[in-house]
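Analysis of the macromolecular model
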Amino acid sequence: MSGRIDTVHVALGARAYDVRIGAGLIQRAGEEIRPLLRRPRVAVITDETVGPLHLDALRAGLGDIAMTALALPAGEATKGWPEFSRAVEWLLSEKVERKDVVVAFGGGVIGDLVGFASAVLRRGVRFVQIPTTLLAQVDSSVGGKTGINSAHGKNLIGALHQPALVLADIEVLGTLAPRDFLAGYGEVVKYGLLGDAAFFDWLEAHGPSAAQGDLAARQHAVTHSVTMKARIVERDETEEGERALLNLGHTFCHALEAATGYSDRLLHGEGVAIGCALAFELSQRLGLCSQEAPSRVRAHLKAMGMKCDLADIPGELPGAERLIALMGQDKKVVDGRLRFILARGIGEAFVADGVDMAVVRTVLEEALAGR
Ligand code: NAD
């Protein structure tokens, strides 16, 4: 099917690019990508789940553009040095040149890894993101943050490298497991919570139909989220200030991901959703917002069938002290002090330094006790 295509321009001067959003974009990938090419060939890196499902469609969509492809194992564990170096060496063996274009075809794991590989390959080649998960479409494919994980923590090795084009084909989300769709929805909700109460209202009304496959609802959710992200990235590409708002829920999330070993026990977007609920709980405890706000956040996550409490994470979790120590590895630590994104209400997030850690500990202890 091909229908409406929305274009969100990310105005970053010499690094500006378009995010195209719509059903059927993979079928017209050749037309979309051709203007970027010096010669008619692209190197595509995907994963072993997306490849068998969608690579033939991409090859057909590229038409007379020659395509070589590498499939890496699916999952977060791929986002480390071994698969990264495999990807870079493969790109070199495929003789990808400075003026060629690399395509990241997959979820956030592939997008982050391939973006980073493109940033360092021959000191930087252009790359196109074709995100295939909801999370990647609404968040990770836009904004240029690329990288891999270290044993010391998530995303600690990387580069800021903007894509040359993003093609978000919402039809490709049709093969996504419901759990992966909902994990991505955690990032969608985040946009409403951080800066757009009317969007949160819309999500309360239309989130369930988006989850059930309604393409018009999916298109609106993706386009609105991408627009919000693009506007923030334009104003603060290098995260000197406002871009940090996009990390709502992430300080808690990264600690929980580390505590669960970046495993299937907790997907990144699930951690974001739980982290947002905790950030609102913390805000309320600090007297910044009403009790109604965290209740409404949790009610919506529950209505969507999403994880929203620590009790929803299977298996053991460490205590509050250990979780706080894990937060200390977060990239958002400044001068050894944790930085939180808090909220004065739904759609009213702000960056907070010097948060009273005793209150953080209480919120975590109570959340853990609720398990
Ligand atoms: P993912 O890439 O692991 O994809 C989730 C699963 O869905 C994988 O098993 C994948 O094979 C499968 N999949 C992907 N597309 C599919 C499709 N169309 N049909 C069926 N299965 C499909 O994970 P993700 O949730 O997309 O991304 C998470 C990663 O993104 C994390 O590493 C996180 O750190 C990163 N991230 C980066 C940014 C950024 O700004 N760069 C922002 C948010 C998250």
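A quick note: this is a predicted structure, and the numbers were derived from the prediction, not measured.

Here we look at the domain arrangement of the protein
- Assigned domains of the protein: these are domain 1 (6–174) and domain 2 (178–369).
- Put simply, the middle of domain 1 and the middle of domain 2, counted by C-alpha atoms, are 26 Å apart.
- Opposite the 30 residues of domain 1 that make contact, domain 2 presents 33 residues.
- For the pairing of domain 1 and domain 2, the buried interface totals around 2800 Å² over both sides, and the portion due to carbon and sulfur atoms is 62%.

So, helix α6 (residues 178–195)
- Here α6 is 18 residues long and its end C-alpha atoms lie 26 Å apart, about the 26 Å a rise of 1.5 Å per residue gives.
- The buried fraction of α6 is high, at 14 of 18 residues.

Focus on the sheet that holds strand β1 (residues 5–10)
- Pairing within the open sheet is mixed, and its 7 strands lie in the order β1-β2-β9-β6-β5-β3-β4. If you trace the sheet from one side to the other, it starts and ends with β1 and β4 (66–72), each paired once. Neighbouring strand axes in the sheet, compared pairwise and without regard to direction, differ in orientation by 20 degrees on average.
- Relative to strand β5 (residues 101–106), strand β3 (residues 41–47) is paired through 5 bridges, and the arrangement is parallel. If you follow Val-42 over to β5, its bridge partner there is Val-101.

As for the nonpolar core
- Grouped together as the largest cluster of nonpolar side chains are 103 residues, with contacts concentrated most on Ile-33 and Leu-58.
- Among the elements that line this core, the one with the most residues is helix α10 (residues 268–285), at 9 residues.
- When sequence neighbours within four positions are dropped, the list of residues in contact with Ile-33 reads Val-42, Leu-62, Val-103, Val-128, Ile-130, Leu-165 and Leu-167.
- In terms of nonpolar packing, the next biggest core, distinct from the first, is built from 22 residues, Leu-70, Leu-72, Phe-84 and Leu-121 among them.

Considerations on the site of the ligand
- Around the ligand lies a shell of 27 residues, among which Asp-47, Thr-132, Thr-133, Lys-154 and Thr-175 are the nearest.
- Note that an oxygen atom of the ligand is positioned 2.8 Å from one of the side-chain N or O atoms of Glu-76.
- Within the side chain of Lys-79, a nitrogen or oxygen atom sits 2.9 Å from an oxygen atom of the ligand.
- Considering the ligand on its own, with 870 Å² of exposed area, one finds that the protein chains cover 89% of that surface.
- Contributions of two or more residues to the shell around the ligand are made by α2 (50–62), α4 (108–120), α5 (134–140), β8 (153–160) and α6.
- Taken together, domain 1 (6–174) and domain 2 (178–369) each give at least three residues to the shell around the ligand, which thus spans both.

Side note on α10
- For α10, spanning 18 residues, the distance from its first C-alpha to its last is 25 Å, which sits close to the expected 26 Å at 1.5 Å a residue.
- The element α10 is extensively covered by neighbouring structure, given that 16 of its 18 residues are classed as buried.

Observations regarding the environment of Ala-273
- Note on placement: Ala-273 falls in helix α10.
- Along the backbone, Ala-273 and Ala-136 are 137 residues apart, and their C-alpha atoms lie at a distance of 15 Å.
- Look past the residues within four positions of Ala-273 in its chain and what remains in contact with it is Gly-186, Leu-301, Met-306 and Lys-307.

Quick look at the packing of α6 against helix α8 (residues 215–235)
- Direction vectors running N to C along α6 and α8 enclose 55 degrees, while the axes themselves pass 10 Å from each other. Comparing their axes, α8 and α6 come out oblique. In terms of crossing hand, the pair formed by α6 and α8 is left-handed. Listed contacts from α8 to Phe-181, Val-188, Tyr-191, Leu-194 and Gly-195 of α6 are Arg-218, Ala-221, Ser-225, Met-228, Lys-229 and Ile-232.
- Residues belonging to the contact of α6 with α8 are distributed by class as follows: 7 nonpolar, 2 polar and 2 charged.

Conventions and cut-offs
Residues numbered from 1 in each chain as written. Predicted model: local features only at pLDDT ≥ 70, side-chain atom pairs only at ≥ 80, totals over all residues. Heavy atoms only, no water. Domains from an automatic or database assignment. Contact = heavy atoms within 4.5 Å. Buried area = accessible area lost by both parts, 1.4 Å probe. Helix = DSSP H or I, 4+ residues; strand = E, 2+ residues; numbered from the N terminus. Expected span 1.5 Å × (residues − 1). Buried < 20%, exposed > 50% of the residue type's maximum accessible area, 1.4 Å probe, protein only. Pairing = 2+ DSSP bridges. Axes fitted to C-alpha atoms, helices over the stretch in contact; angles between N-to-C directions. Core = buried A, V, L, I, M, F, W, Y, C linked by side-chain atoms within 4.5 Å. Near = heavy atom within 4 Å. Polar contact = N/O pair within 3.5 Å; in protein donor to acceptor, adjacent residues only side chain to side chain. Areas by Shrake-Rupley, 256 points an atom, 1.4 Å probe, with all protein chains shown as cover. Parallel < 35°, antiparallel > 145°, perpendicular 65-115°, else oblique. Left-handed = near helix turned anticlockwise from the far one by under 90°. Nonpolar A, V, L, I, M, F, W, Y, C, P; charged D, E, K, R; others polar.

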